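Read off the chains here:
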Amino acid sequence: QRSFYAMVVRLRLQRFGRRNLPYYRIVAANQRSARDGKCLEYLGNYNPIPNRLGEKEIQFNAERVRYWLAVGAQPSDRVAWLLGQAGVMPPRPMMFRSREPRKNNRKK
């Protein structure tokens, strides 16, 4: 009797570049693979360093991203935010926590 393991696919970022100058690829990858490990498909890229005009660049294949979402791929938090900004997915709701003011427990 064979056991069946479902492979969970995530849309996530792979880091490239060098120290203090990151550059990311948006990929579809197995959830258990390493961050910079093997991916199933390369979907686009994201440069978080603003250019001279102050714009952060993002490029991706929207058709393939929609395909992976349709077959059940789960985007990471950052990728979901990026896709929401680009209009491919509905933007994620903002999470607000009501925080009580800190009590000053220091002894004087």
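We now turn to the structure provided with this report. Just so it is clear, the structure is predicted and the values come from calculations on it, not from any experiment.

Attention shifts here to the sheet that holds strand β4 (residues 57-60). Sheet architecture is open: five strands sit in the order β4-β3-β2-β1-β5, paired in mixed fashion. The sheet terminates laterally at β4 and β5 (74-75), the two strands that pair on one side only. With four bridges joining them, strand β3 (residues 41-47) and β4 adopt antiparallel strand pairing. Considered in β4, the bridge of Y46 is made with I58. Packing of helix α1 (residues 62-70) onto the sheet brings it into contact with β1 (9-18), β2 (21-30), β3, β4 and β5, and relative to β3 it is tilted by some 120°. Packing of helix α2 (residues 77-86) onto the sheet brings it into contact with β1, β2, β3, β4 and β5, and relative to β1 it is tilted by some 95°.

Evaluation of the coordinates by the stated rule reveals two salt bridges. Two residues, R35 and D36, come together in a salt bridge whose shortest N-O distance is 2.9 Å. Given a relative accessible area of 41%, D36 falls into the partly exposed group. We note a salt bridge from R64 to E41, for which the minimum N-O separation is 2.9 Å. With R64 in helix α1 and E41 in strand β3, this residue pair connects regions lying 23 residues apart in the sequence.

It is worth spelling out the environment of A73 at this point. With respect to the secondary-structure elements, A73 resides in the loop between α1 and β5. Sequence separation between A73 and V9 is 64 residues, and the spatial gap between their C-alpha atoms is 4.8 Å. Residue contacts for A73: discarding those within four places in its chain leaves V9, L11 and W68.

This part is about the nonpolar core. Soluble globular proteins tend to pack their nonpolar side chains together in the buried interior. In terms of nonpolar packing, the biggest core is built from 15 residues, with L11, L13, A28, L43, V65, W68 and V79 touching the most fellow members. If you list the elements that add at least two residues to this core, you get β1, β2, β3, α1 and α2. Sequence-distant contacts of V65, that is, excluding residues within four places in its chain, are made with L11, L43, F60, L83 and V88.

Each value, and the rule that gives it
Residues numbered from 1 in each chain as written. Predicted model: local features only at pLDDT ≥ 70, side-chain atom pairs only at ≥ 80, totals over all residues. Heavy atoms only, no water. Pairing = 2+ DSSP bridges. Helix = DSSP H or I, 4+ residues; strand = E, 2+ residues; numbered from the N terminus. Contact = heavy atoms within 4.5 Å. Axes fitted to C-alpha atoms, helices over the stretch in contact; angles between N-to-C directions. Salt bridge = Lys/Arg side-chain N within 4 Å of Asp/Glu carboxyl O. Buried < 20%, exposed > 50% of the residue type's maximum accessible area, 1.4 Å probe, protein only. Core = buried A, V, L, I, M, F, W, Y, C linked by side-chain atoms within 4.5 Å.

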